[in-house]
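Examining the three-dimensional arrangement
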Amino acid sequence: MKTYQDALLAPYTSLNVGGVAETLLLPDSYDEYLTALSQHPEAHILGFGCNALISDAGLPGVTIMMRSGGIESNGTTLVADAGLWWDDLVQQSITQNLWGLELLSQVPSSVGGAVYGNIACYGQQISDTLAWVEVFDRRSGTNYRLPASDIPMGYRTGDLQNRPELVILRAAFDLSVSKKQELVYDSALVVADELGLDRDNLTDRRDIIIETRRRAGSIYSFDDPSVEHSAGSFFKNPLVSTEQATELARYDESGKTLERIQQQSQVHGGDTHRASAAHVLLAAGFRRGQAWGPVQLHDNHVLKIVTRDGATATQVYDVAQEILATVRQKLGIELEPEVKFIGKF
């Protein structure tokens, strides 16, 4: 297990901002991870930092960063350590011709982060296939399994977010030898048609999703120093009234009908009243490429906050708070950040 003192955390996050960890531990295995948790149950827990904004003040005490892990296969069930890079698990499922994770290809996260946040895209979410989660209980110092039925999950949320005493160690996914879901998301269907890929072929379906994400600027690799510094979609899609959903649909630039926008909202967020947060920002007067010094909204995707050289976590936080306040004042909508704020702001 590697140990560092006063370690700068910014390079370990996709936003590339944040202060130092007083003590940083990097376990190399499940066993080392469990040992570190047992010795430091109060520690801050991080994975690949893809959905985190860490304070410029840093993190006192011990921070445990789990960025490695393995996969076990038992028929159609795959068990993955929390520190495994999520897409390594997806690739393994494709290799074994198992359906159920392919629409989540290239989502930047650890397995633990994916389960914690119930990641979802293109009509598929973690809760669709999650079988059980092994957790470490900080209070008792023990680890045990929770069946998925004991972990209520919803849009971008799960009961583990309300139980900080539990730390994810492993997760199991029950997959299928046959197709589980249709591919119905418009942007992915366009890619399939353009590239002549079969949406009902497992390998082709993964290729469709990766190309769709690439066109959306949503490909991130933690070990590529040239990648854009962003945490992806910064805000969750909010639930709104019928009237608000109709009004916000006017800000869609794809030419879709209101009915089609509502159908896509159902696919993406599980509810026809879950409006696109991007539409909300546009309706509130924000624009693509809008900048606050070295912090800006993405040139093509208004929902992404991007950092440039010299940016600080405080600047990102201040931009996020300005967006939240403006949306509340102008539209009466309460946006919720998808990115987690860690430390003191």
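Look above for the structure.
Reference entry: report on the structure contained in this document. (Residues numbered from 1 in each chain as written. Predicted model: local features only at pLDDT ≥ 70, side-chain atom pairs only at ≥ 80, totals over all residues. Heavy atoms only, no water.)

Some words on the packing of helix α2 (residues 86–95) against helix α5 (residues 202–215)
- Put simply, α2 and α5 touch, their axes get as near as 10 Å, and they point 155° apart. Classified by the angle their axes make, α2 and α5 are roughly antiparallel. Packed against α2, whose contacting residues are Asp-87, Val-90, Gln-91, Ser-93 and Ile-94, the element α5 presents Leu-202, Thr-203 and Arg-206 at the interface.
- The residue makeup of the contact of α2 with α5, split by class, is three nonpolar, three polar and two charged. (Axes fitted to C-alpha atoms, helices over the stretch in contact; angles between N-to-C directions. Helix = DSSP H or I, 4+ residues; strand = E, 2+ residues; numbered from the N terminus. Parallel < 35°, antiparallel > 145°, perpendicular 65-115°, else oblique. Contact = heavy atoms within 4.5 Å. Nonpolar A, V, L, I, M, F, W, Y, C, P; charged D, E, K, R; others polar.)

Considerations on the packing of aromatic side chains
- Under the criterion given, the structure shown has eleven aromatic pairs.
- Taken together, a centroid distance of 4.6 Å and an interplanar angle of 50° make the contact between Phe-48 and Phe-222 tilted. Of this pair, Phe-48 sits in the loop between β3 (44–46) and β4 (52–54) while Phe-222 sits in the loop between α5 and β15 (230–233), and the two are 174 residues apart along the sequence.
- A relative accessible area of 3% places Phe-48 in the buried class.
- Through a chain of ring-to-ring contacts, the aromatic side chains of Phe-234, Phe-235, Tyr-317, Phe-341 and Phe-345 assemble into a single cluster. (Phe/Tyr/Trp six-rings, centres within 6.5 Å; stacked < 30°, edge-to-face > 60°. Buried < 20%, exposed > 50% of the residue type's maximum accessible area, 1.4 Å probe, protein only.)

Regarding the nonpolar core
- The biggest cluster of nonpolar side chains holds 54 residues, and the ones touching the most others in it are Trp-86, Val-115 and Phe-173.
- Membership of the second largest hydrophobic core comes to 35 residues, among which are Ala-277, Leu-282, Val-316 and Leu-335. (Core = buried A, V, L, I, M, F, W, Y, C linked by side-chain atoms within 4.5 Å.)

Let's talk about the packing of helix α4 (residues 186–195) against α5
- It is the contact of α4 with α5, at a shortest axis distance of 9 Å, that shows an interaxial angle of 110°. Taken together, the axes of α4 and α5 lie roughly perpendicular to each other. The handedness of the crossing between α4 and α5 comes out as right-handed. On α5, the residues touching Ser-187, Ala-188, Val-191, Ala-192, Glu-194 and Leu-195 of α4 are Ile-208, Ile-209, Glu-211, Thr-212 and Arg-215. (Left-handed = near helix turned anticlockwise from the far one by under 90°.)

Let's talk about the sheet that holds strand β7 (residues 77–81)
- Strand order in this open sheet of five strands is β6-β7-β14-β10-β11, and the pairing throughout is antiparallel. The sheet is open, and its two borders are formed by β6 (71–74) and β11 (142–147), each paired with just one other strand. Each strand axis lies, on average, 20° off the axis of its neighbour in the sheet, ignoring direction.
- Across five bridges, β7 lies against strand β14 (residues 166–174) in antiparallel orientation. Its bridge partner lying in β14, Val-79 is registered against Ala-172. (Pairing = 2+ DSSP bridges.)

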